[in-house]
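Observations on the model geometry
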Amino acid sequence: MKIKNTNIENEFYLSQWIEGNLADTELKKLVSEDDFLAYKKLKKGIEVFCDLEQPLDTSFERILHRMDKKTKIRKLHLKWIASIAAMLLFFMGFYALINNNSVLNKSSFGEQKTIALLDNSKVILNAKSALNYSKKGWKNKREVFLNGEAFFQVEKGSTFTVKTKNGNITVLGTQFNVKSTDTFFEVICYEGKVRVVHNNKEYILNPTNSFRKINKNPIESLNYSRKKPTWTLGESTYRSVPLKYVIEDLEKQFNIQINSAKINNSSIYTGSFNHHKMDLAFKSVFDAMGLKYNKTASNIYILDN
Amino acid sequence: MDNDLKNICKPKNFKFIFKTYAKDLKRFLYFKFNDLETAEDVMQDAFIKLWKNCDRVSFETAKSYLFTVGNNLFINIKKHEQVIRKNKYRHTKNTTNESPEFLLIEKEFLTKIENAIADLSPKQREVFLLSRIEKKKYREIAILLDISVKAVEKRMHGALLKMRKITDLNS
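These notes cover the structure that comes with them.

With that out of the way, let us pick up the overall build of chain A. Regarding its fold elements, chain A presents eight helices and 17 strands. At a minimum sequence separation of 6, the contacts of chain A that also span at least 24 residues come to 42%. A total of about 17200 Å² of accessible surface is found on chain A, and carbon and sulfur atoms cover 53% of it.

Structure below.
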């Protein structure tokens, strides 16, 4: 069995060798002396080439870290004052936390967080979103504050309110998705009934209905046939959304910066992108829009027509 | 305001300078030292030195400052190495075979590699870049591209055969 295995592996011996699964001495037996030297040089060259092409984020982090260490010695007094201030702040914050029982949940770049609320309601936070609520008044008033995007599965009970910058959403027990950023506000109802209050006007959503307000555009209402938002399954889907917001989401998912100064970022995008592979996500968004993207430095990308 | 924009003591501007020149500086240092690790370290040292002297270096001269510092560090390190080497030889004479595997990678050779990558078939290039630049395992690439691991290995093997031919032909 073992012999058979090595035979199969040797069929594409170069691919095994460059991965380090085949020793130099083994390769030497398979190719001529000239070839062997040429391949060794090629391997080294590839290694150097790829290293030099590699993004330098970690280098920058290390520089910051090293600078930090060096400045520490000089700024001793400042450090003392800062640490006392920090301690004071910490205790004040701690006190405030005990006092109003506020709970804050935050998700980072490319991260999804599932949160169980006190009544077993479930919230899934999409990347770079924040949700907070107060434990104290929970029994009388189910109320959470959201900035970003989240999918709610609310247990039946008293009124449940999601407060956002763009408006409030009230339900009794249902499943719905809320996305609220600076200029983007969208609520999709998946189950039950959802009431959205926006600019003092009330809108009632039935299952598959949605409410959307982008920037200063008029309010839109689209129908969705899915049972769950696709982003909870690792894919963000868009229907006629200005490219600007898709780019914002890409930045949030992959912790990168995208420069779109050269293109018209208000063109409309319909489609989806995968959260796991950045290159695929880029292809599905930018190729579809006929855009080129160039990696400039580490995690900065520039878009061009 | 104008002053603020050009002041490299501002973290934002410092980061911009890093993003603009770090790669070039590392490349420059690599060809001096012929060693990736040293190039990386010295590149970092140069930026730390720039940060320390940020009030004395202007935005426009930052690039030449970085390269000059890098070059000086190179000279210092080489001088130091010479001293060490002299002492070493005095004590043990039989360690002349410092590293038989030492391979010099010239600038031209890297250009050849770059051209060779461009000459690969799209399928080969895809596998090559995923494997070498993104450091993915063949198994992961196979899942990603929805092909068998064998097929990935075949493409990689083909890519290397082709690259060896191309990099050799141009010489």
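Taken together, the 51 residues of chain B in the interface contact 46 residues of chain A. Both sides together, the interface formed by chain B and chain A hides about 4800 Å², and carbon and sulfur atoms give 66% of it. The largest per-residue losses of area from chain B upon contact with chain A belong to B:Lys19, B:Lys23 and B:Arg164, which jointly make up 14% of the total buried on that side. Applying the counting rule to chain B against chain A returns five salt bridges. Linking A:Lys41 and B:Glu106 is a salt bridge whose minimum nitrogen-to-oxygen distance equals 3.1 Å. Inspection of the chain B/chain A interface yields 13 residue pairs in polar contact (both at pLDDT 80 or more).

This next bit is on the environment of A:Lys43. By secondary structure assignment, the location of A:Lys43 is in helix 4 (residues 33-53). Here A:Lys43 falls in the partly exposed class, since its relative accessible area comes to 28%.

The next thing to look at is the pairing of strand 11 (residues 201-205) of chain A. Of the pairings in the sheet, the one linking strand 10 (residues 194-198) of chain A to strand 11 of chain A comprises five bridges and is antiparallel in character. The residue of strand 11 of chain A that forms the bridge with A:Val194 is A:Leu205.

A few words on helix 7 (residues 138-145) of chain B. Residue and element names in this part refer to chain B. Looking only at helix 7, the buried set comprises Tyr 138, Ile 141, Ala 142 and Leu 144. Projected onto a plane normal to the axis of helix 7, the buried residues spread over an arc of 165° and lie on a single side. With respect to the buried face of helix 7, the exposed residues turned more than 90 degrees away are Arg 139 and Ile 143. The first or second residue beyond helix 7 is Asp 146, which carries a positive phi of 60°.

A separate point is the nonpolar core. Grouped together as the largest cluster of nonpolar side chains are 65 residues, with contacts concentrated most on A:Leu27, A:Ile46, B:Phe47, B:Leu66, B:Ile113 and B:Met163. No other element matches helix 2 (residues 11-33) of chain B, which puts ten residues into this core.

A word on the packing of aromatic side chains. Summed over the entire model, instances satisfying the criterion amount to 23 aromatic pairs over all chains. Ring geometry for A:Phe152 versus A:Phe160: centroids 6.0 Å apart, planes at 65°, classification edge-to-face. Residue classification places A:Phe152 among the buried residues on the basis of a relative accessible area of 0%. By relative accessible area, A:Phe160 is classed as buried at 0%. An angle of 85° between the planes, with centres 4.9 Å apart, marks the rings of A:Phe282 and A:Tyr293 as edge-to-face. A residue pair is termed long-range when its members are at least 10 positions apart, and A:Phe282 in helix 8 (residues 278-287) and A:Tyr293 in strand 16 (residues 292-295) qualify at eleven residues. Among the aromatic side chains, those forming a connected cluster through ring pairs are A:Phe60, B:Phe14, B:Phe18, B:Phe47 and B:Trp51. Sitting over the face of the ring of A:Phe109, A:Lys128 holds its NZ or CZ atom 4.6 Å from the ring centroid.

This brings us to the side chain of B:Lys19. Looking at the secondary structure, you find B:Lys19 in helix 2. For the buried B:Lys19, no salt bridge exists, and the shortest N-O distance to an oppositely charged side chain is 4.5 Å, to A:Asp57. When sequence neighbours within four positions are dropped, the list of residues in contact with B:Lys19 reads A:Asp57, A:Ala297, A:Ser298, A:Asn299 and A:Ile300.

Our next topic: the state of the cysteines. Residue and element names in this part refer to chain B. A full pass over the atoms with the stated rule returns one disulfide over all chains. Covalently, Cys 9 is tied to Cys 54 through a disulfide, its sulfur atoms 1.9 Å apart. Handedness of the Cys 9-Cys 54 disulfide follows from its S-S torsion of about 100°: it is right-handed. Placement of Cys 9 in the loop between helix 1 (2-6) and helix 2 and of Cys 54 in the loop between helix 3 (36-52) and helix 4 (62-91) is noted, with a sequence separation of 45 residues between them. For Cys 9, a relative accessible area of 25% gives the class partly exposed. On the accessibility criterion, Cys 54 (9% relative accessible area) is buried.

Calculation notes
Residues numbered from 1 in each chain as written. Chains lettered and ligands numbered in written order. Predicted model: local features only at pLDDT ≥ 70, side-chain atom pairs only at ≥ 80, totals over all residues. Heavy atoms only, no water. Helix = DSSP H or I, 4+ residues; strand = E, 2+ residues; numbered from the N terminus. Contact = heavy atoms within 4.5 Å. Areas by Shrake-Rupley, 256 points an atom, 1.4 Å probe, with all protein chains shown as cover. Buried area = accessible area lost by both parts, 1.4 Å probe. Salt bridge = Lys/Arg side-chain N within 4 Å of Asp/Glu carboxyl O. Polar contact = N/O pair within 3.5 Å; in protein donor to acceptor, adjacent residues only side chain to side chain. Buried < 20%, exposed > 50% of the residue type's maximum accessible area, 1.4 Å probe, protein only. Pairing = 2+ DSSP bridges. Arc of directions from axis to C-beta. Core = buried A, V, L, I, M, F, W, Y, C linked by side-chain atoms within 4.5 Å. Phe/Tyr/Trp six-rings, centres within 6.5 Å; stacked < 30°, edge-to-face > 60°. Lys NZ or Arg CZ within 6 Å of the ring centre and 35° of its normal. Lys, Arg positive; Asp, Glu negative; His and termini not counted. Disulfide = S-S within 2.5 Å.

Bear in mind that shape data such as this cannot, by itself, settle questions of function.
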